[in-house]
Amino acid sequence: MGKRPTRIFACDFETTVYDNQDRTDVWSSCLCELGDGHTPIIHGCISDTYNYFESLNCDIEAYYHNLKFDGRFWLYYLLHDLQYKQAYTGELPHNVEWLDTKDMPRKSFKYLISRMGQWYTLTIRLNNGCYLTLKDSAKLFPFKLEEVAKGFKTAHTKLSMEYKGFRYPNCP
(Lines give C-alpha, C1' and ligand atoms only; values in the text may rest on other atoms or scores of the structure.)
Protein backbone atom coordinates (compact mmCIF):
# COMPACT_ATOMS: atom_id res chain seq x y z
CA MET A 1 0.00 0.00 0.00
CA GLY A 2 2.83 2.33 0.70
CA LYS A 3 6.60 2.24 0.82
CA ARG A 4 6.59 0.63 4.24
CA PRO A 5 7.51 -3.03 4.39
CA THR A 6 4.67 -5.55 4.54
CA ARG A 7 4.74 -8.51 6.89
CA ILE A 8 2.49 -11.53 6.31
CA PHE A 9 0.88 -13.64 9.03
CA ALA A 10 -1.28 -16.75 9.30
CA CYS A 11 -3.84 -16.22 12.09
CA ASP A 12 -6.62 -18.02 13.91
CA PHE A 13 -9.10 -17.24 16.68
CA GLU A 14 -10.56 -19.63 19.21
CA THR A 15 -13.86 -18.48 20.63
CA THR A 16 -15.95 -19.39 23.63
CA VAL A 17 -18.34 -22.35 23.39
CA TYR A 18 -20.01 -23.40 26.64
CA ASP A 19 -23.48 -24.15 27.96
CA ASN A 20 -25.71 -21.15 28.72
CA GLN A 21 -23.25 -18.57 27.40
CA ASP A 22 -24.78 -15.17 26.70
CA ARG A 23 -22.07 -13.90 24.36
CA THR A 24 -19.17 -15.22 22.32
CA ASP A 25 -15.64 -13.90 22.89
CA VAL A 26 -12.18 -14.51 21.46
CA TRP A 27 -10.24 -16.30 24.19
CA SER A 28 -7.21 -17.26 22.11
CA SER A 29 -5.63 -15.52 19.14
CA CYS A 30 -2.73 -17.24 17.45
CA LEU A 31 -0.58 -15.67 14.75
CA CYS A 32 2.59 -16.73 13.04
CA GLU A 33 4.61 -14.69 10.61
CA LEU A 34 5.25 -16.49 7.35
CA GLY A 35 8.82 -17.41 6.51
CA ASP A 36 11.51 -19.50 8.13
CA GLY A 37 12.12 -19.57 11.85
CA HIS A 38 9.08 -17.69 13.15
CA THR A 39 7.49 -18.87 16.37
CA PRO A 40 3.71 -18.66 16.78
CA ILE A 41 2.50 -15.91 19.09
CA ILE A 42 -0.57 -16.53 21.24
CA HIS A 43 -2.65 -13.77 22.77
CA GLY A 44 -5.55 -14.19 25.17
CA CYS A 45 -7.83 -11.66 23.48
CA ILE A 46 -8.38 -9.74 20.26
CA SER A 47 -7.18 -6.42 21.70
CA ASP A 48 -3.72 -7.87 22.41
CA THR A 49 -3.51 -9.00 18.77
CA TYR A 50 -4.56 -5.56 17.54
CA ASN A 51 -2.00 -3.86 19.80
CA TYR A 52 0.72 -6.26 18.66
CA PHE A 53 0.01 -5.59 14.97
CA GLU A 54 -0.01 -1.84 15.56
CA SER A 55 3.31 -2.06 17.46
CA LEU A 56 5.03 -3.54 14.39
CA ASN A 57 4.74 -0.17 12.64
CA CYS A 58 4.45 -1.71 9.18
CA ASP A 59 1.73 -2.81 6.79
CA ILE A 60 0.40 -6.27 7.55
CA GLU A 61 -1.45 -8.96 5.62
CA ALA A 62 -3.13 -11.35 8.05
CA TYR A 63 -4.72 -14.51 6.64
CA TYR A 64 -7.60 -16.16 8.52
CA HIS A 65 -8.91 -19.47 7.24
CA ASN A 66 -12.55 -18.44 7.50
CA LEU A 67 -12.70 -14.67 7.44
CA LYS A 68 -16.50 -14.79 7.50
CA PHE A 69 -16.22 -16.13 11.05
CA ASP A 70 -13.11 -14.35 12.37
CA GLY A 71 -13.91 -11.09 10.57
CA ARG A 72 -17.11 -10.67 12.55
CA PHE A 73 -15.10 -10.51 15.75
CA TRP A 74 -12.79 -7.93 14.19
CA LEU A 75 -15.76 -5.81 13.07
CA TYR A 76 -17.35 -5.93 16.50
CA TYR A 77 -14.03 -5.02 18.12
CA LEU A 78 -13.43 -2.12 15.72
CA LEU A 79 -16.92 -0.68 16.04
CA HIS A 80 -17.60 -1.22 19.72
CA ASP A 81 -14.25 -1.24 21.48
CA LEU A 82 -12.11 1.05 19.33
CA GLN A 83 -14.91 3.16 17.82
CA TYR A 84 -13.51 2.98 14.30
CA LYS A 85 -15.44 4.44 11.39
CA GLN A 86 -16.14 2.92 8.00
CA ALA A 87 -14.07 4.54 5.24
CA TYR A 88 -16.72 6.22 3.12
CA THR A 89 -17.77 9.61 1.90
CA GLY A 90 -21.34 10.73 1.45
CA GLU A 91 -24.33 10.01 3.62
CA LEU A 92 -25.52 6.55 4.51
CA PRO A 93 -27.43 4.64 3.38
CA HIS A 94 -27.51 6.41 -0.03
CA ASN A 95 -24.60 7.42 -2.27
CA VAL A 96 -21.91 5.45 -0.46
CA GLU A 97 -18.53 5.99 -2.05
CA TRP A 98 -15.69 3.84 -0.80
CA LEU A 99 -12.36 5.58 -0.43
CA ASP A 100 -9.20 4.31 -2.04
CA THR A 101 -7.12 2.53 0.55
CA LYS A 102 -4.44 5.22 0.38
CA ASP A 103 -7.08 7.85 1.23
CA MET A 104 -8.49 6.08 4.29
CA PRO A 105 -8.20 8.18 7.44
CA ARG A 106 -6.59 6.69 10.52
CA LYS A 107 -8.96 4.61 12.65
CA SER A 108 -11.14 3.65 9.70
CA PHE A 109 -11.84 0.40 7.88
CA LYS A 110 -13.44 -0.97 4.76
CA TYR A 111 -14.39 -4.45 3.69
CA LEU A 112 -15.13 -6.54 0.65
CA ILE A 113 -18.08 -8.83 1.32
CA SER A 114 -20.20 -10.14 -1.55
CA ARG A 115 -23.97 -9.96 -1.64
CA MET A 116 -23.90 -13.72 -1.12
CA GLY A 117 -22.04 -13.24 2.18
CA GLN A 118 -18.58 -14.25 0.98
CA TRP A 119 -15.89 -12.35 2.88
CA TYR A 120 -12.73 -11.45 0.97
CA THR A 121 -10.90 -8.65 2.81
CA LEU A 122 -11.19 -6.31 5.74
CA THR A 123 -8.73 -3.40 5.49
CA ILE A 124 -8.02 -1.45 8.66
CA ARG A 125 -6.11 1.83 8.77
CA LEU A 126 -4.40 1.61 12.12
CA ASN A 127 -4.05 4.62 14.38
CA ASN A 128 -0.31 4.65 13.58
CA GLY A 129 -1.09 5.13 9.85
CA CYS A 130 -0.16 1.60 8.77
CA TYR A 131 -2.60 -0.81 7.13
CA LEU A 132 -3.76 -4.15 8.49
CA THR A 133 -5.43 -6.17 5.73
CA LEU A 134 -7.27 -9.31 6.79
CA LYS A 135 -7.73 -11.85 4.00
CA ASP A 136 -9.50 -15.20 3.71
CA SER A 137 -6.97 -17.98 3.13
CA ALA A 138 -9.84 -20.42 2.46
CA LYS A 139 -10.33 -18.60 -0.85
CA LEU A 140 -6.76 -19.56 -1.77
CA PHE A 141 -6.75 -23.04 -0.20
CA PRO A 142 -10.30 -24.45 -0.03
CA PHE A 143 -9.32 -27.28 2.32
CA LYS A 144 -9.24 -27.85 6.06
CA LEU A 145 -6.17 -26.32 7.70
CA GLU A 146 -4.91 -29.78 8.64
CA GLU A 147 -4.94 -30.72 4.93
CA VAL A 148 -3.14 -27.51 3.95
CA ALA A 149 -0.42 -28.16 6.57
CA LYS A 150 0.06 -31.74 5.39
CA GLY A 151 0.06 -30.82 1.71
CA PHE A 152 2.61 -28.03 2.12
CA LYS A 153 4.55 -29.75 4.93
CA THR A 154 4.43 -26.62 7.08
CA ALA A 155 6.41 -26.38 10.32
CA HIS A 156 3.28 -25.44 12.28
CA THR A 157 -0.13 -27.06 12.13
CA LYS A 158 -3.52 -26.48 13.67
CA LEU A 159 -3.80 -28.60 16.79
CA SER A 160 -6.77 -30.70 17.82
CA MET A 161 -8.57 -29.48 20.89
CA GLU A 162 -11.81 -29.72 22.80
CA TYR A 163 -13.75 -26.66 21.65
CA LYS A 164 -16.51 -26.82 24.21
CA GLY A 165 -15.70 -25.69 27.74
CA PHE A 166 -15.87 -22.60 29.91
CA ARG A 167 -13.29 -20.11 28.66
CA TYR A 168 -13.04 -16.33 28.56
CA PRO A 169 -10.60 -13.71 27.24
CA ASN A 170 -7.18 -14.03 28.89
CA CYS A 171 -8.15 -17.23 30.69
CA PRO A 172 -5.29 -19.50 31.82
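Refer to the structure printed above.
The paragraphs below set out a description of the structure included in this document. (Residues numbered from 1 in each chain as written. Predicted model: local features only at pLDDT ≥ 70, side-chain atom pairs only at ≥ 80, totals over all residues. Heavy atoms only, no water.)

1. With respect to the overall build of the protein
So, point 1. When helices and strands are tallied, the protein shows 3 helices and 10 strands.
So, point 2. Listing each helix as α and each strand as β along the protein from the N terminus yields β-β-β-α-β-α-β-β-β-β-β-β-α.
So, point 3. Of all 172 residues assigned to the protein, the portion counted as buried reaches 39%.
So, point 4. Sequence separation of at least 24 residues holds for 53% of the intrachain contacts in the protein that already meet a minimum separation of 6. (Helix = DSSP H or I, 4+ residues; strand = E, 2+ residues; numbered from the N terminus. Buried < 20%, exposed > 50% of the residue type's maximum accessible area, 1.4 Å probe, protein only. Contact = heavy atoms within 4.5 Å.)

2. A look at the pattern of salt bridges
So, point 1. What the rule picks out here adds up to 6 salt bridges.
So, point 2. Note that R23 and D25 form a salt bridge whose closest N and O atoms lie 2.6 Å from each other.
So, point 3. A salt bridge links D136 to K139, with the nearest nitrogen and oxygen atoms 2.9 Å apart.
So, point 4. D136 gets classed as buried once you look at its relative accessible area, which sits at 5%.
So, point 5. Judged by its relative accessible area of 35%, K139 is partly exposed.
So, point 6. Put simply, D100, K102 and D103 are held in one network by salt bridges that share partners. (Salt bridge = Lys/Arg side-chain N within 4 Å of Asp/Glu carboxyl O.)

3. Here's the deal with the packing of aromatic side chains
The geometry of an aromatic ring pair is captured by two quantities: the separation of the ring centres and the angle between the planes.
So, point 1. Scanning all chains against the criterion turns up 10 aromatic pairs.
So, point 2. Each member of the aromatic cluster is reached from another via a ring pair, and the members are F13, Y50, Y64, W74 and Y77.
So, point 3. Positioned above the aromatic ring of Y120 is the side chain of K139, whose terminal nitrogen or guanidinium carbon lies 5.2 Å from the ring centre. (Phe/Tyr/Trp six-rings, centres within 6.5 Å; stacked < 30°, edge-to-face > 60°. Lys NZ or Arg CZ within 6 Å of the ring centre and 35° of its normal.)

4. Some points on the nonpolar core
So, point 1. Counting residues in hydrophobic clusters, the biggest one holds 29 residues, and the most contacted among them are F53, W74, I124, L132 and L134.
So, point 2. Secondary-structure elements contributing two or more residues to this core are β1 (6–15), β2 (26–33), α1 (46–55), β4 (59–64), α2 (67–81), β9 (119–125) and β10 (131–136).
So, point 3. Those residues in contact with L132 that sit more than four places away from it in its chain are F53, I60, A62, W74, L122, T123, I124 and L126. (Core = buried A, V, L, I, M, F, W, Y, C linked by side-chain atoms within 4.5 Å.)

5. Quick word on the packing of α1 against α2
So, point 1. Put simply, α1 and α2 touch, their axes get as near as 11 Å, and they point 80° apart. One finds that α1 runs roughly perpendicular with respect to α2. In contact with I46, S47, T49 and Y50 of α1, α2 contributes F73, W74 and Y77. (Axes fitted to C-alpha atoms, helices over the stretch in contact; angles between N-to-C directions. Parallel < 35°, antiparallel > 145°, perpendicular 65-115°, else oblique.)

6. Observations concerning the pairing of β10
So, point 1. For β10, the tally of buried residues reaches 5 of 6 residues, placing the bulk of the element in the interior.
So, point 2. Direction of pairing for β4 relative to β10: parallel, over a ladder of 5 bridges. The residue bridging A62 from the neighbouring strand is L134, located in β10.
So, point 3. In this structure, the hairpin formed by β9 and β10 is closed by a connection of 5 residues, where G129 is found at a positive phi of approximately 95°. (Pairing = 2+ DSSP bridges.)

7. A short note on unusual backbone geometry
A negative phi angle characterises most non-glycine residues, just as the trans form characterises most peptide bonds.
So, point 1. Not every positive phi belongs to a glycine, and N20 is a case in point at roughly 60°.
So, point 2. Topologically, N20 is positioned in the loop between β1 and β2.
So, point 3. Given the relative accessible area of 79%, N20 is considered exposed.
So, point 4. Positive phi, close to 55°, is recorded for N57, a residue that is not glycine.
So, point 5. With respect to the element layout, N57 can be found in the loop between α1 and β4.

8. Topic: the side chain of E33
So, point 1. Secondary-structure assignment places E33 in strand β2.
So, point 2. Polar side-chain contacts of E33 include one of 2.8 Å to the side chain of R7.
So, point 3. Excluding residues within four positions of it along the chain, E33 makes contact with R7, I8, F9 and H38. (Polar contact = N/O pair within 3.5 Å; in protein donor to acceptor, adjacent residues only side chain to side chain.)

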